[in-house]
Amino acid sequence: QVQLVESGGGLVQAGGSLRLSCAASGSIFEINSMGWYRQAPGQQREQVARITTVDTTTYADSVKGRFTISRDNAKNTVFLQMNSLKPEDTAVYYCNARRPFRSYSPAQDYWGQGTQVTVSS
């Protein structure tokens, strides 16, 4: 099993910055990518950014150029640096870890409890 704990959320003014952290523990050796998702009130959860074990990154169009995902493999931690924040970025942000298909187990996603990000206008 994999446990994920997010931190770094808070309230910030539009144009400001926040840095989210996600610490992973447990059976992380089979995880090959981690990502950040967000869910705003009344909206479906959407992927914001994703990073693989070889540091390939993917971003949602809405955050491209403003957000940067990175990882510190020595600390088993993934970060999301959020700059130029907009009110529409307001959401609960969830850390995700993905375990791919194996012969003995199906693919599986692990989730943190989420951290609230609120951007005021």
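Residues numbered from 1 in each chain as written. Predicted model: local features only at pLDDT ≥ 70, side-chain atom pairs only at ≥ 80, totals over all residues. Heavy atoms only, no water.

Participant: For this particular structure, what's the right way to read the overall build of the chain?
Facilitator: Broken down by element type, the chain carries zero helices and eleven strands. Each helix (α) and strand (β) of the chain, taken in turn from the N terminus, gives the series β-β-β-β-β-β-β-β-β-β-β. A compact globule built from 121 residues should have a C-alpha radius of gyration of about 14 Å, and the chain, at 14 Å, falls within 12% of that. Principal-axis analysis of the C-alpha atoms places the extent of the chain at approximately 50 × 30 × 25 Å. Per-residue burial over the chain gives 40% buried out of 121 residues. Contacts spanning at least 24 positions in sequence make up 54% of the contacts within the chain whose residues lie at least 6 apart. (Helix = DSSP H or I, 4+ residues; strand = E, 2+ residues; numbered from the N terminus. Rg over C-alpha atoms; globule rule 2.2 N^0.38 Å. Buried < 20%, exposed > 50% of the residue type's maximum accessible area, 1.4 Å probe, protein only. Contact = heavy atoms within 4.5 Å.)

Participant: Got a minute to help me understand the nonpolar core in this structure?
Facilitator: The nonpolar side chains of soluble globular proteins are, as a tendency, buried together. Grouped together as the largest cluster of nonpolar side chains are 29 residues, with contacts concentrated most on Leu4, Met34, Trp36, Leu80, Met82 and Tyr93. At the level of secondary structure, the elements contributing two or more residues to this core comprise strand S1 (2–7), strand S3 (18–26), strand S4 (33–39), strand S5 (46–52), strand S7 (67–72), strand S8 (77–82), strand S9 (91–99) and strand S11 (115–120). Residues within four places of Leu4 in sequence aside, it is in contact with Cys22, Ala23, Ala24, Met34, Cys95, Asn96, Ala97, Tyr110, Trp111, Gly112 and Gln113. (Core = buried A, V, L, I, M, F, W, Y, C linked by side-chain atoms within 4.5 Å.)

Participant: Explain the pairing of S3 to me, please; I cannot follow it from the model alone.
Facilitator: Looking along a regular strand, one sees side chains alternate from face to face of the sheet. Of the pairings in the sheet, the one linking S1 to S3 comprises six bridges and is antiparallel in character. Of the residues in S3, the one forming a bridge with Leu4 is Ala24. Note: S3 against S8, six bridges, orientation antiparallel. Considered in S8, the bridge of Leu20 is made with Leu80. (Pairing = 2+ DSSP bridges.)

Participant: It is not clear to me how the environment of Asn96 should be interpreted in this structure. Could you clarify?
Facilitator: The topology assignment puts Asn96 in strand S9. Put simply, Asn96 and Asn76 are 20 residues apart on the chain and 13 Å apart in space, counted from C-alpha to C-alpha. Here Asn96 is in contact with Leu4, Ser33, Met34, Gly35, Tyr37, Asp109, Tyr110 and Trp111, once residues within four sequence places are set aside.

Participant: Even after reading the chapter, I still don't get the state of the cysteines, so can you show me in this structure?
Facilitator: Enumeration according to the criterion identifies one disulfide in this entry. Sulfur-sulfur distance for the disulfide between Cys22 and Cys95 comes to 2.0 Å. Across the S-S bond linking Cys22 and Cys95, the dihedral sits near -85°, which makes this disulfide left-handed. Taken together, the residues Cys22 in strand S3 and Cys95 in strand S9 connect sequence positions 73 residues apart. (Disulfide = S-S within 2.5 Å.)

Participant: I keep staring at the sheet that holds S1 and nothing clicks. Help me out?
Facilitator: Strands pair in a sheet through their backbones, by hydrogen bonds, and they do so in one of two ways: parallel or antiparallel. Spatially, four strands are ordered S1-S3-S8-S7 in an open sheet, and the strand pairing comes out antiparallel. Looking at strand neighbours, the two that pair on one side only are S1 and S7, the edges of this open sheet. Strand-to-strand twist of the sheet, defined as the mean angle between neighbouring strand axes without regard to direction, takes the value 20°. (Axes fitted to C-alpha atoms, helices over the stretch in contact; angles between N-to-C directions.)

Participant: Is there a simple way to explain the packing of aromatic side chains in this structure?
Facilitator: Aromatic rings considered in pairs are described by the distance between their centres and by the relative angle of their planes. Here the structure, examined in full by the defined rule, presents one aromatic pair. When the ring of Tyr37 is compared with that of Trp111, the centres are 4.9 Å apart and the planes differ by 75°; the resulting orientation is edge-to-face. Placement of the pair is Tyr37 in strand S4 and Trp111 in strand S10 (residues 108–111), with a sequence separation of 74 residues. The side chain of Arg19 reaches across the aromatic face of Phe79, ending 4.0 Å from its centre. (Phe/Tyr/Trp six-rings, centres within 6.5 Å; stacked < 30°, edge-to-face > 60°. Lys NZ or Arg CZ within 6 Å of the ring centre and 35° of its normal.)

Functional significance is not addressed by these values, which are geometric in nature.
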